[in-house]
Amino acid sequence: MKKWTTFLFELEKKPVKGLLSAEWLTMGYLVLTLLIMAFMYTKLPNTDSIIKLRVNVTASIAALWLVYRLVPCRATRLARVMNIFAWLGLWYPDIYEFTRVLPNMDHLFAAAEQAAFGCQPALLLPEALPYAAVSEPMNFGYWSYFSFIGFVEFFYFFCRYKQFDRAVFIVIGSFFTYYILYLFLPVAGPQFYYLPVGIEQITQGIFPNIGTYFLDHTEMLTAPGWSDGLFYQLVEDAHISERPIAAFPSSHVGISTIIMILAWQTKSRRLFWYITPVYVLLCLSTVYTQAHYLIDVLAGWVTSVLLYLILNYCYKLFFPANRRQAQA
């Protein structure tokens, strides 16, 4: 107990004076999206909520920076990082305030899915396997997304602390990179697009352009699978805040793949193989729950590798002092 108390609360000899790397990323995303809002101001229906979110995020970063400066230790540093992760839950629906005014692109992606596979896997997979023995593991995989990320990040904090800042930078940078892509790719995914089009037309390979339908509509299909399952209900509860955004590429798959890369780099093979079954279920579940087209999953795998390489390089370039400290 004393060991962990010392680990968490021992004052740092060289505390960080400015922002943490993940906080710099957050502020960069905040400023970039404010600039986008300025260009789209006359079209956006809810600019007050956009500005309010950014004010609150800035205030929380400033407040926790002050706490850390007063008590510079690992515990207060962790609080700053957890604050950045906590806001991701609101940054995600914030994208909808931008994309809702843009013409929806699902008809192009559903047509590409049909051309690539000759069917709609998101429609056929849950129809073929509606059983509880399949539905519950799939919904568990989908529901475990943030726990999956947190598990590996906490492993870095407690067991690979010198590499913790880099791991957080890569994951947060990945989130914001995907969010920026989503701002310009208004693809809602099968669970949203299939509803206004109608399943009958989808099965016939008809994918009409629905324009700005999602400007005022956020309804989605009832999720497939065993509706009495615990994890089915947990996923359904999470869908209350879901918005018709962020389908291509799949950030669930992309960021989970980056987490697997980071897990491998810990050199803890027990950790890597322990989370591998969850990762497989998570990737499969994105199609099974109709959150994504299969091409979204493939794009998630490709972009994850590119993002990891780019962000790892950026960390070395912009935070060399942190890198040298980690290698010491």
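Please read these numbers as outputs of a predicted model, since none were measured by experiment.

Reading the values: the criteria
- Residues numbered from 1 in each chain as written.
- Predicted model: local features only at pLDDT ≥ 70, side-chain atom pairs only at ≥ 80, totals over all residues.
- Heavy atoms only, no water.
- Helix = DSSP H or I, 4+ residues; strand = E, 2+ residues; numbered from the N terminus.
- Rg over C-alpha atoms; globule rule 2.2 N^0.38 Å.
- Contact = heavy atoms within 4.5 Å.
- Areas by Shrake-Rupley, 256 points an atom, 1.4 Å probe, with all protein chains shown as cover.
- Lys, Arg positive; Asp, Glu negative; His and termini not counted.
- Charge placed at Lys NZ, Arg CZ, Asp CG, Glu CD.
- Expected span 1.5 Å × (residues − 1).
- Buried < 20%, exposed > 50% of the residue type's maximum accessible area, 1.4 Å probe, protein only.
- Polar contact = N/O pair within 3.5 Å; in protein donor to acceptor, adjacent residues only side chain to side chain.

Visitor: Explain the overall build of the protein to me, please; I cannot follow it from the model alone.
Guide: A count of helical and extended segments in the protein gives 17 helices and 0 strands. Against the globule reference of 20 Å for 328 residues, the protein gives a C-alpha radius of gyration of 21 Å, in line with a compact fold. With the C-alpha coordinates aligned to their principal axes, the bounding extent of the protein is approximately 65 × 50 × 35 Å. Sequence-distant contacts in the protein: of pairs separated by 6 or more residues, those separated by 24 or more amount to 84%. Counting every atom, the protein has about 15,600 Å² of accessible surface; 68% of that belongs to carbon and sulfur. Charge separation in the protein, taken as the distance between the mean sites of 23 positive and 20 negative side-chain charges, equals 24 Å.

Visitor: Hey, could you run me through helix H14 (residues 251-265) in this one?
Guide: Since the α-helix turns once every 3.6 residues, residues separated by three or four places project in the same direction. Here H14 contains 15 residues, and its C-alpha end-to-end distance of 21 Å stays within 8% of the 21 Å for a straight helix at 1.5 Å per residue. Counting buried positions along H14 gives 12 out of 15 residues, so the element sits mostly inside the fold. Where H14 is concerned, the buried positions are Ser251, His252, Val253, Gly254, Ile255, Ser256, Thr257, Ile258, Ile259, Met260, Leu262 and Ala263. Considering only its buried residues, H14 is in contact with helix H8 (132-143), helix H9 (145-159), helix H10 (164-184), helix H15 (269-288) and helix H16 (294-318). Taking the backbone nitrogen of histidine 252 as reference, a side-chain oxygen 3.4 Å away marks serine 250 as the first, capping residue of H14. Phi turns positive, to about 65 degrees, at lysine 267, one or two residues after H14.

Visitor: What am I meant to see in H16 here?
Guide: Look at H16: 35 Å from first C-alpha to last across 25 residues, which is about the 36 Å you get at 1.5 Å a residue. Regarding H16, the residues found buried are Ile295, Asp296, Val297, Ala299, Gly300, Ser304, Leu307, Tyr308, Leu311, Asn312, Cys314 and Tyr315.

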